[in-house]
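Geometric and topological summary
Chain by chain, the residues:
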Amino acid sequence: QVQLVESGGGLVQAGGSLRLSCAASGSIFSVNFMGWYRRAPGNRRELVPGITNGGRTTYADSVKGRFTISRDNAKNTVYLQMNSLKPEDTDVYYCKADYSGSNYYWGKGTLVTVSS
């Protein structure tokens, strides 16, 4: 069982920055894909950015050029640098670790609030 703990959320003004962290209780070396998600309509969660074990990244169009995901396998931590924040970025951000198709874990989330 792997536990993921997100931190770094908070209140920031539009145009500001935040850095989220997702710390895993175990090694993330073998995690195929780690991603940050936020809530979407229909009780779903949408991928914001993700990163593979090989370092390949993917970003939602809405955050390209503003958000950067990175992972530090030695520290078992994934980061999300969020710049030029907008009010529409306000949400709970969840970290997910995908070891394989049916073996994955979620964190409990961290709230990001962007004021206008």
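Residues numbered from 1 in each chain as written. Predicted model: local features only at pLDDT ≥ 70, side-chain atom pairs only at ≥ 80, totals over all residues. Heavy atoms only, no water.

**Focus: the sheet that holds strand 8 (residues 77–82)**
Paired through backbone hydrogen bonds, the strands of a sheet run either parallel or antiparallel to each other. Which entries qualify depends on this criterion: At least two bridges found by DSSP between two strands are what make those strands a pair. For the purposes of this entry, the term helix denotes a DSSP run of H or I that reaches at least four residues, the term strand denotes a run of E that reaches at least two, and both are numbered from the N terminus. To obtain each axis, a line is fitted to C-alpha atoms, and for helices this fit is confined to the stretch in contact; angles are then taken between N-to-C directions over 0 to 180 degrees.
With respect to topology, four strands assemble into an open sheet ordered 1-3-8-7, the strand pairing being antiparallel. The two strands at the open ends of the sheet, each matched to only one other strand, are strand 1 (4–7) and strand 7 (67–72). Geometrically, the sheet is characterised by an average inter-axis angle of 15 degrees between neighbouring strands, direction not taken into account. Taken together, the six bridges between strand 3 (residues 18–24) and strand 8 define a ladder with antiparallel strand orientation. Within strand 8, the position partnered with A23 by the bridge is T77.

**Some remarks on the environment of N53**
We apply this condition: Three exposure classes are used, based on accessible area relative to the maximum for each residue type with a 1.4 Å probe and protein chains only: buried under 20%, partly exposed in between, and exposed over 50%. Throughout, a contact is declared for two residues whenever any of their heavy atoms are within 4.5 Å. Polar contacts here mean pairs of N or O atoms no more than 3.5 Å apart (in protein, one a potential hydrogen donor and the other a potential acceptor; neighbouring residues in sequence count only if both atoms are side-chain atoms).
Following the sequence through the fold, N53 ends up in the loop between strand 5 (44–52) and strand 6 (57–59). Its relative accessible area of 33% is what places N53 among the partly exposed residues. C-alpha of N53 to C-alpha of Y37: the two residues are 16 residues apart in sequence and 17 Å apart in space. In contact with N53, not counting residues within four places along its chain, are I28, F29, V31, N32, R71 and N73. A distance of 2.9 Å separates a polar side-chain atom of N53 from the backbone oxygen of F29.

**Concerning the nonpolar core**
Applicable threshold: As used in this record, nonpolar core signifies buried Ala, Val, Leu, Ile, Met, Phe, Trp, Tyr and Cys residues forming a set joined through side-chain atoms within 4.5 Å.
In this structure, L4, M34, W36, F67, M82 and Y93 are the most contacted members of the largest nonpolar core, which totals 27 residues. The residues touching L4, leaving out its near neighbours within four places in the chain, are C22, A23, A24, M34, C95, K96, A97, Y105, W106, G107 and K108.

**With respect to the state of the cysteines**
By definition, a disulfide is the covalent link that joins the sulfur atoms of two cysteine residues. Note the cut-off: Two cysteine sulfur atoms form a disulfide, by the criterion used here, when they sit within 2.5 Å.
Under the defined criterion, the tally for this structure stands at one disulfide. Between C22 and C95 runs a disulfide, and the two sulfur atoms are separated by 2.1 Å. Its S-S torsion of approximately -80 degrees makes the covalent link between C22 and C95 left-handed. Of the two residues, C22 is situated in strand 3 and C95 in strand 9 (residues 91–100); the sequence distance between them amounts to 73 residues. Residue C22 shares its accessibility class with C95, and that shared class is buried.

**A word on unusual backbone geometry**
Notably, N76 is not glycine yet its phi reads approximately 55 degrees, a positive angle. For N76, the location among the structural elements is in the loop between strand 7 and strand 8. Accessibility expressed as a relative area gives 19% for N76, which makes it buried. You will see that S84, though not glycine, has its phi angle at about 50 degrees, which is positive.

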